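# Summary of structural features
Chain by chain, the residues run as shown.
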Amino acid sequence: MSDEATDSPQAHEGLVPSAAEAREQMLEIYPKKTRRKREKQMLVNDPGSPGEIGANSRTVPGIITQRGCSYAGCKGVVIGPIYDILHITHGPIGCGWYSWLSRRNMTRIRKAGETNFLQYSMSTDMQEEQIVFGGEKKLALAIQEAYDEFHPKAISIYATCPVGLIGDDIHKVCREMKQKLGINIFGFSCEGYKGVSQSAGHHIANNGVFKHMIGLDDTPVEGKYKINILGEYNIGGDAWEIDRILALCGIKIIGTLSGGVSYDDITNCHMADLNVVMCHRSINYMAEMMEKKFGIPWFKVNFIGINGTKKSLRKIAKYFGDKELIDRVEEVIAKEMSEVRPVVEDVKTRTSGKTAALFVGGSRAHHYQDLFEDMGMKVISAGYEFAHRDDYEGRDVLPHIKMDADTRNIEELEVEQDPARFNLRGTADRKAALQSEEFSFSDYEGMMRQMGKDTLVIDDISHHEMEKLIEIYKPDVIGSGIKDKYIIEKMGVPCKQLHSYDYGGPYAGFKGAINFYKEIDRMTSTKVWKYIHAPWHDAAPAAEAAAAPEPVNA
Amino acid sequence: MSEDTSMLNEPLHATRNACKVCAPLGAAMVFKGVSGCLPFLHGSQGCATYIRRYMISHFREPVDIASSSFSEEDAIFGGSRNFKAGVGNAILQYEPELIGVATTCLSETIGENMIAMIRDSQKDVEITSRTPLVHVSTPAYNGSHSEGFHAAVKAMVTHFAHIDAPAHASPTLNIMPGMVSCADLRHLRELAGLFGMNAVLLPDYSDTLEGASWDAYHRLSPGGTKVAEIRSMGRSLGSVELGHTLTTGESAGAWLEKSFDVPNFPLGLPMGLRFCDRLMGALAAISGRATPQSLLAERGRLLDSYVDAHKYLSGVKAAVTGEPDLVIAMAGFLSEIGIRPVICATGTKPRHFKELLAGEMEGGIEDVSIIPGSDHHRLEAAVREAKPDLIIGTSKAMPLARALGIPLLRSGFPIHDRFGAQRELTLGYRGTQALFDRIVNALLEHRQESNPIGYSYL
Ligand code: SF4
Ligand code: SF4
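Before going into details, it helps to say that this report is about the structure given with it. (Residues numbered from 1 in each chain as written. Chains lettered and ligands numbered in written order. Predicted model: local features only at pLDDT ≥ 70, side-chain atom pairs only at ≥ 80, totals over all residues. Heavy atoms only, no water.)

### A look at the site of ligand 2
This is how the line gets drawn: Each residue is tested against the molecule or strand, and it is near if at least one of its non-hydrogen atoms lies within 4 Å. The helix count covers DSSP runs of H or I at least four residues long, the strand count covers runs of E at least two residues long, and both are numbered beginning at the N terminus. Under this grouping Gly is polar, as are all residues other than the nonpolar Ala, Val, Leu, Ile, Met, Phe, Trp, Tyr, Cys and Pro and the charged Asp, Glu, Lys and Arg.
Close to ligand 2 lie Cys69, Tyr71, Cys95, Thr160, Cys161 and Gly192 of chain A together with Ser44, Gly46, Cys47 and Tyr50 of chain B. This site is not confined to one chain, since residues near ligand 2 come from chains A and B. In terms of residues, the shell around ligand 2 owes the most to one element, helix α2 (residues 45-59) of chain B, which gives three residues. For the shell around ligand 2, a count of residues per class yields six nonpolar, four polar and no charged.

Rendered as structure tokens:
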């Protein structure tokens with residue numbers, strides 16, 4: 001046990017072992033090889049100098065993981081939410097069916113007559129015949145059929161595991177059908193076995209969106225301050241809350257990739273002056289590529305939590321450097337905070353000092369720490385499901401990340417400056433000036449620098465580790481996903497789903513923060529588990545027995 | 001959405017909003033119903049994750065499914081290494097009594113030799129040799145969750161049932177219940193008990209997928225049919241097998257009859273008087289006891305309610321969609337209470353679907369549009385044409401029911417926009433009664449709400 005470890009808040013109470021001891025207890029049962037691997041994915045945190053974490057490595061077979069596949073990351077997460085593209089899954093029925101509106105990325109139709117394709121799950125529903133003789137013909141017919149009935153602006157095709165193996169060339173089919181039908185048709189080779197998690201699918205999706213959609217429409221966009229929000233998926237309406245706040249400030253969002261967004265927004269979004277990135281993991285590729293090609297600078301923001309939201313708004317205002325905007329942002333913050341303050345103050349009286357653990361996604365395990373901090377709660381452990389080292393340790397480790405076979409298999413697009421459209425948006429000098437004021441671009445400092453000392457960072461947490469964590473720390477709430485929710489709750493700890501928000505949300509921005517505070521207050525105050533034992537349960541202390549209510553039918 | 005109904009008879013190339021899920025999901029559900037069994041999918045991890053997610057949202061219980069987590073290399077060169085490592089790790093972590101191994105489209109496409117792989121893994125690893133691995137082949141390009149379910153039941157039985165297994169301690173009945181709710185499973189067990197028999201229910205996920213809160217951690221949810229019970233299924237008094245589609249191939253019950261002379265009673269899901277009567281007849285025949293008075297009383301009350309509700313039901317038309325066994329039983333039941341099941345659609349293409357329906361429907365099938373291999377799009381076209389008063393289907397039928405303003409009674413898998421699917425009772429006289437009341441009330445509610453005056457006396 002290290003000296004620092006004894007300083008951890010739990011250790012003070014004398015009840016809970018240090019992070020290092022807890023880690024050891026989790027690792028104990030593993031066979032040597034598995035242990036060696038898991039050791040690298042479980043670190044005792046030191047925010048001053050984050051250790052090297054073995055993230056984005058392959059899940060050990062047989063260890064039950066929350067992770068999904070690359071198809072899920074591509075179709076399910078990044079492109080799926082573009083509502084006016086007609087999406088067709090090429091494969092057997094399950095993959096497409098499972099990704100049918102199962103994320104709560106919200107959408108509303110903008111113009112009359114549009115079709116919201118998210119309500120559909122279209123699949124080529126491959127049968128044995130296609131597995132044996134190939135599925136290209138069926139795919140082409142499916143595209144034709146979809147076109148005849150819907151006349152969409154664009155059609156997007158997603159390959160599932162068997163497709164790559166039987167050698168269907170979906171890109172060829174897409175090219176031919178694009179030529180034939182005269183609409184934009186493109187495909188994604190996001191077979192589920194590629195990469196180690198949905199993260200590979202994010203990358204594949206970024207590449208495809210960049211190649212086939214970005215930059216197609218140069219129509220100028222009105223507005224003084226034009227930005228895109230990248231990596232915001234409008235779960236539970238988060239993007240709409242961000243829209244609301246930015247609209248109050250007078251900032252125009254051209255495209256939110258990808259939440260409540262249309263094909264036209266995406267083809268036009270290179271007309272923005274700035275990209276701000278919410279979920280670094282799923283979309284940093286896009287930010288980089290857009291900067292290279294069009295000269296649009298980017299930086300990381302976080303609209304989860306009031307401090308994050310305030311900081312992000314101020315940074316955007318400072319970037320544009322306009323006094324009018326800077327003042328407007330302050331006014332908006334002041335006004336919104338007058339609503340948030342009484343709520344958080346009240347909630348804090350109950351939540352202060354409580355503990356939370358977060359195992360989710362590629363950015364949320366970080367972002368949500370802000371909200372818990374707002375409420376005076378401590379995050380004792382956190383980890384991502386599919387993030388990479390840079391999301392933990394910060395982007396400065398990027399040059400040091402070793403390429404493994406899984407990563408090498410994902411295409412890196414060669415992006416060049418677009419001579420006609422590359423434009424530093426008059427900010428070349430401004431950018432230099434800002435940078436000298438410690439205003440950082442293309443930045444992400446990662447989760448570990450913000451997390452407390454001697455907390456536990458656990459990447460791709462397994463069931464066994466979760467069970468141990470609960471046994472050791474018994475956190476007041478755990479933020480995770482549906483695959484863990486019910487096991488956590490069986491063990492008497494409330495679980496907030498931070499992928500889907502459990503039917504709730506929004507949690508972004510100011511109004512979202514209020515929703516979240518109330519929700520966590522409610523969850524951490526629940527008394528339901530007190531009733532696990534019936535009043536007559538053996539060895540009930542006399543006092544409890546005495547307090548037992550009279551039988552109703554007495 | 002399109003008004004066009006001409007496509008009803010045309011073969012379509014794409015499936016839009018499918019009425020079926022994939023085969024390994026059905027297998028996983030069976031594995032969850034065997035005590036100490038850990039489901040394991042041989043393929044990429046995505047399938048396991050997706051399947052867990054849907055089972056969890058239907059049952060609202062933890063569902064663990066391990067996977068061999070294929071990489072790109074494994075997809076090309078075969079996954080035997082992953083399989084062995086995966087099984088070993090799963091055993092160390094979860095200490096299962098057995099592992100149910102189902103394949104995915106990926107491992108089926110590359111033609112993995114599962115039998116050899118299983119043999120091999122059990123030879124090499126000391127620890128795996130003590131844990132039986134039961135294998136079922138479940139390519140989704142060759143069958144839906146419903147086929148996967150039945151195939152897994154059969155795999156369990158043929159794997160374990162043995163001639164030398166000890167006799168049961170008390171008179172015992174095999175029940176292969178099909179894909180039914182936890183409440184139905186409990187009721188079937190109760191019914192066997194009323195005839196003085198113990199039941200080996202295969203599967204029985206009534207506890208594993210609808211358990212109590214825990215005061216201690218369990219690696220695998222407690223409950224399920226014990227392997228020892230499955231071993232002795234060849235020594236039971238008889239088998240009842242619920243589900244019409246099971247009658248068209250060699251089912252687990254048929255195999256038990258052939259191998260061990262255990263009389264098999266292939267029946268449909270016992271919904272409605274006629275199908276329940278058949279079940280009671282079988283239970284009486286197997287046990288040698290008469291149907292107990294309490295059940296006759298339930299039967300009497302059910303019939304009485306048919307009479308009472310007749311004024312609400314006569315002339316009503318319904319569309320039914322879901323797993324084939326459910327559709328056939330439901331349609332038979334509806335035809336018995338005076339509702340015309342004018343559309344019978346299922347996502348998969350079971351053998352003799354039409355004949356099976358024809359055999360069970362009061363009033364024939366001339367006016368019924370029977371759609372095997374349907375999706376919700378084809379279903380919608382049929383609904384627009386036939387204009388039923390009620391749709392019986394899963395949560396996935398909600399958008400179409402809403403668009404057309406027709407009440408939807410949720411049944412089958414999945415139900416993730418209503419609470420308590422696992423507690424919904426539909427089998428036996430009692431279950432039929434509950435289902436019957438729900439149907440009548442759904443119709444009454446709709447009539448009341450769509451009436452501008454809103455009469456409160458109906
Ligand atoms: S590949 Fe097959 S088994 Fe896997 S999710 Fe898709 S349909 Fe189901
Ligand atoms: S088959 Fe592949 S693409 Fe489909 S769900 Fe499974 S892992 Fe994902």
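Alright, that's what it looks like, and here's the rest.
### Quick look at the pattern of salt bridges
Pairing between side chains becomes possible if they bear opposite charge and their charged atoms approach one another. Residues and elements named next belong to chain B. Basically, it comes down to this: We count a salt bridge whenever a side-chain nitrogen from Lys or Arg sits within 4 Å of a carboxyl oxygen from Asp or Glu. For each residue, the accessible area found with a 1.4 Å probe, counting protein chains only, is set against the maximum for its type, and the residue is called buried under 20%, exposed over 50%, and partly exposed in between.
Counted by the stated rule, this structure contains 62 salt bridges over all chains. The salt bridge partner of Arg189 is Asp204, with a shortest N-O separation of 2.8 Å. With Arg189 in helix α8 (residues 182-194) and Asp204 in the loop between β7 (198-201) and α9 (227-231), the pair connects residues that are 15 residues apart, well separated along the chain. With relative accessibility at 32%, the residue Arg189 sits in the partly exposed group. Looking at Asp204, the relative accessible area reads 6%, which means it is buried. Among the ionic pairs, Glu360 bridges to Arg278, the shortest N-O distance being 2.8 Å. Linking Glu360 in helix α14 (residues 353-360) with Arg278 in helix α11 (residues 273-287), this pair joins segments that are 82 residues apart in sequence.

### So, the pairing of strand β9 (residues 264-267) of chain B
Residues and elements named next belong to chain B. Quick note on the threshold: Paired strands, in this sense, are two strands between which DSSP finds at least two bridges. When the strands point away from the viewer and the connection leading from the first strand across the helix to the second strand turns clockwise, the crossover is called right-handed.
Pairing geometry for strand β8 (residues 238-242) and β9, over four bridges, is parallel. Bridge pairing links Glu241 to Pro266 in β9. One crossover worth recording links β8 to the parallel β9 by way of helix α10 (residues 252-260), and it is right-handed.

### Some points on the site of ligand 1
Lining the immediate environment of ligand 1, one finds Pro92, Gly94, Cys95 and Tyr98 of chain A together with Cys22, Pro24, Cys47, Thr104, Cys105 and Ala140 of chain B. Neighbouring residues of ligand 1 are not confined to a single chain but are spread across chains A and B. The leading source of residues in the shell around ligand 1 is helix α6 (residues 93-98) of chain A, at three residues. In terms of residue class, the shell around ligand 1 is made up of eight nonpolar, two polar and no charged.

### Here's the deal with the interface of chain B and chain A
The line we're drawing: Residue contacts are defined here by distance: any two heavy atoms, one from each residue, within 4.5 Å place the two residues in contact. Each of two parts loses accessible area, computed with a 1.4 Å probe, when they are put together; buried area is these two losses added. Any N or O atom pair separated by 3.5 Å or less is treated as a polar contact, with the protein-specific requirement of one donor-capable and one acceptor-capable atom, and with residues adjacent in sequence counted only for side-chain atom pairs.
Listed as interface residues are 65 residues of chain B and, on the opposing side, 71 residues of chain A. Carbon and sulfur atoms supply 60% of the area that chain B and chain A bury against each other, a total of about 6100 Å² over both sides. The largest per-residue losses of area from chain B upon contact with chain A belong to His13, Tyr50 and Tyr141 of chain B, which jointly make up 12% of the total buried on that side. Remark: the boundary between chain B and chain A carries three salt bridges. Close ionic contact of Glu149 of chain A with Arg16 of chain B constitutes a salt bridge, the shortest N to O distance being 3.3 Å. Scanning the region where chain B abuts chain A turns up 27 residue pairs in polar contact (both at pLDDT 80 or more). Elements supplying a minimum of two residues to the side of chain B that touches chain A: β1 (15-16), β2 (37-42), α2, β3 (66-67), α3 (72-77), α4 (80-94), α5 (105-109) and α15 (376-386) of chain B. The element best represented in the side of chain B that touches chain A is α2 of chain B, accounting for ten residues.

Read these as spatial facts, not as claims about activity.
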